[in-house]
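The residues making up each chain are set out below.
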Amino acid sequence: MRSKLIALFTVALCLLVLPVVAQEAEEPTAEISWPPPVYLLRGEVSLRGTVNLPGMTTYFIEYRALDDDLGAPETRAWLPVTLPSPTPVVNDVLGAWDTGAVPDGLYELRLNVATDDDMSRQVVGPLRVENESMMADDMTMVMEKDMDEMEMMEETEEMEEMMPVSDGSPAVTARVNANVRSGDSTRFRIIGVLSNGASAPALGISSRGSGWFHIELSDGRLGWISPTVVNASGAVGDLQQVVPPALPPPPPPPPAVPGGDVDLVAGFVRHNSPNGVIVCGIGFQVEVDVANFGTTPSPGGRVRFLDYGLRDDGARRDDVAQEAIGEFPPIQPGQTVGATAWLTISRHVNSNHVIYAQVNFDNAIPERTLANNNTEMGLYKLDRGNC
């Protein structure tokens, strides 16, 4: 009898161990496993899945709106959900999507995984975002609660009334503890910090095209803050352009490494306009991925963004609608970073446009080849808006 009990215990132990072994031997995959297609989303959603392809250099997730027929034109831009990450993930959280920041409607997600010699993509959709209708249902449920709960809600509303309410004036709110600098670049010295969750009035936007906001701190000091570390609110599209201080000279480049090998590669270009629509006279941020496919680190450098209008025959116009300069930090071999700038297009409305990104356009960084330094974003049509 005792020997039978030992045998049964051994079998049960094996059954418990087998799933763990199977998890450790996870096959190379690039997929979003949650949420599944045809799913209703609300608020902040954790995107789960696996990205562990051999030779993976980075992955990121994007979204775009779908039409009622569940399709989308090729020219509709994909907008970022997560920043590029080089860390493999197995059956865990890939990132978070705040669906409250987009209008209710139909969307699809795209997972992009770059490897040493390829780019893999997976699209999940359609997905329906319904925040406003859910909020209405929640309010109906609240009305059906007993009087004690109603009294608690009234007390909460009274507390909310005591909190300051935005009057629609332009402002920025920090997503992290963000540095405030004396100019619109990380080359300028730090003069203060905007704490995570804190807000400050936005007084203007850089005329240099960097996208940095000119803000006023609570103690009255004026400074500049990067658009990549804040959420803008209010009528930021009406901000006046402010001339920032002259850029200080860049730090000296690192000493040359014997046999050094830097190879910068321009990747995906995207923009953050609401609903994927670029409107005449309304500023938007454009971003390009910059990777180092070389074997030695690259110093930080610059990217030039050029927006051109197209003629009816599809030919590019001779004049540049707007030019802006973005910066990227030092890049380790195999690493991918982003470079951003701010564009406000006010020419050639109701016409197709194209945005080019030129990495290391000033040849400030010695490279083994310049053939892969230029890329472009898909065509978009400039909406007339109020122009």
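Think of each chain on its own: its residues are numbered from 1, step by step along the sequence as written. Totals for whole chains, interfaces and linings use all residues, but because this is a predicted model, local features are given only for residues with pLDDT of at least 70 and pairs of side-chain atoms are given and counted only at 80 or more. The side-chain figures draw on all heavy atoms in the structure; neither hydrogens nor water molecules are used.

Caption draft 1: Looking closely at the state of the cysteines. Put simply, a disulfide is two cysteine sulfurs that come within 2.5 Å. Considering all chains together, one arrives at 1 disulfide under this definition. Covalently, Cys-280 is tied to Cys-387 through a disulfide, its sulfur atoms 1.9 Å apart. The disulfide joining Cys-280 to Cys-387 has a torsion of about -95° about its S-S bond and is therefore left-handed. One end of the pair, Cys-280, is in the loop between strand S17 (264–271) and strand S18 (284–292); the other, Cys-387, is in the segment after strand S24 (380–381), and 107 residues separate them in sequence. Helical segments are the DSSP runs of H or I of at least four residues, strand segments are the runs of E of at least two, and each set is numbered from the N terminus.

Caption draft 2: A look at the packing of aromatic side chains. Think of it this way: a Phe, Tyr or Trp ring, Trp meaning its six-membered ring, pairs with another when their centres are within 6.5 Å, and the plane angle makes it stacked under 30 degrees, edge-to-face over 60, tilted otherwise. Summed over the entire model, instances satisfying the criterion amount to 7 aromatic pairs. When the ring of Phe-213 is compared with that of Trp-342, the centres are 5.9 Å apart and the planes differ by 70°; the resulting orientation is edge-to-face. Of the two residues, Phe-213 sits in strand S13 (residues 213–216) while Trp-342 sits in strand S21 (residues 336–343), which places them 129 residues apart along the sequence. Burial here depends on accessible area, computed with a 1.4 Å probe over protein chains only, as a share of the maximum for the residue type. Under 20% is buried, over 50% is exposed, and the range in between is partly exposed. Exposure remark for Trp-342: the relative accessible area of 16% places this residue in the buried category. An aromatic cluster is defined as three or more aromatic residues linked by ring pairs; in this entry it consists of Tyr-63, Trp-97 and Tyr-107. Of note, Arg-316 hangs over the ring of Tyr-308, and the distance from its end group to the ring centre comes to 3.9 Å. Counting as a charge over the ring demands two things of the Lys NZ or Arg CZ atom: a distance within 6 Å of the ring centre and an angle within 35 degrees of the ring normal.

Caption draft 3: Focus on unusual backbone geometry. The residue after Trp-34, namely Pro-35, is reached through a cis peptide bond having omega 5°. Inspection of the secondary structure assignment puts Pro-35 in the loop between strand S1 (30–34) and strand S2 (39–41). In this structure, the amide linkage connecting Gly-125 to the following residue, Pro-126, adopts the cis form with an omega of 0°. Note on placement: Pro-126 falls in strand S8 (residues 119–129).

Caption draft 4: Just the confidence of the model for the protein chain, in detail. With 81% of its residues at a pLDDT of 70 or more, the protein chain has an overall mean of 81. Low pLDDT, under 50, characterises residues 1–25; the stretch is placed with 0 contacts to residues that sit more than four places away or in other chains. This model gives residues 158–165 a pLDDT under 50, and the stretch forms 0 contacts once residues within four places in sequence are excluded. pLDDT: the predictor's confidence for each residue, scored from 0 to 100. The contact definition used throughout considers only heavy atoms, calling two residues in contact when any of these lie within 4.5 Å.

Caption draft 5: Main features of the nonpolar core. Residues belong to one nonpolar core when they are buried, are Ala, Val, Leu, Ile, Met, Phe, Trp, Tyr or Cys, and are joined through side-chain atoms within 4.5 Å. Core analysis: the largest hydrophobic core is formed by 28 residues, its most contacted members being Val-290, Val-303 and Phe-328. Contributions of two or more residues to this core are made by S17, S18, strand S19 (301–309), strand S20 (322–328), S21 and strand S22 (352–359). For Val-290, the residues in contact, after removing those within four places along its chain, are Leu-264, Val-265, Val-303, Phe-328, Ile-331, Gln-335, Thr-336, Val-337, Ala-339 and Val-359.

Caption draft 6: Representation of the sheet that holds strand S6 (residues 89–98). When DSSP finds two or more bridges between a pair of strands, those strands are recorded as paired. Pairing is antiparallel across the open sheet formed by 3 strands, whose spatial order is S1-S3-S6. Each edge of the open sheet is held by one strand with a lone partner, namely S1 and S6. With strand direction ignored, the average angle separating the axes of adjacent strands in the sheet is 35°. By the bridge criterion, 4 bridges tie S1 to strand S3 (residues 44–51) in an arrangement that is antiparallel. Bridge pairing in S3 places Glu-31 opposite Thr-50. Axis angles are defined between N-to-C directions and span 0 to 180 degrees, where every axis is a line fitted to C-alpha atoms and, for a helix, only to the segment in contact.

Caption draft 7: Representation of the environment of Pro-54 in the model. For Pro-54, the location among the structural elements is in the loop between S3 and strand S4 (56–65). Spatially, the C-alpha atom of Pro-54 lies 7.0 Å from that of Pro-28, the residues being 26 residues apart in sequence. Discounting residues that sit within four places of it in the chain, Pro-54 has contacts with Pro-28 and Thr-115.

Caption draft 8: Spatial organisation of the side chain of Ser-351. As for its placement among the helices and strands, Ser-351 is situated in the loop between S21 and S22. Ser-351 has contacts with Leu-310, Arg-317, Tyr-380, Lys-381 and Leu-382, leaving out every residue within four places of it along the chain.

Caption draft 9: A look at the pattern of salt bridges. Salt bridges are defined as contacts in which a side-chain nitrogen from Lys or Arg sits within 4 Å of a carboxyl oxygen from Asp or Glu. Throughout the structure, instances matching the rule amount to 13 salt bridges. The partner of Asp-289 in a salt bridge is Arg-270, and the shortest N-O contact between them spans 2.9 Å. With Asp-289 in strand S18 and Arg-270 in strand S17, the pair connects residues that are 19 residues apart, well separated along the chain. Through salt bridges with shared partners, one network takes in Asp-261, Asp-263 and Arg-368.

Caption draft 10: Representation of the environment of Asp-219 in the model. On the secondary structure map, Asp-219 appears in the loop between S13 and strand S14 (222–225). Relative accessible area serves as the criterion here: at 49%, Asp-219 is assigned to the partly exposed category. N or O atoms within 3.5 Å of each other form a polar contact, as long as, within protein, one can give a hydrogen and the other can take it, and as long as residues adjacent in sequence are counted only when both atoms are side-chain atoms. A polar atom in the side chain of Asp-219 sits 2.7 Å from the side chain of Arg-221.

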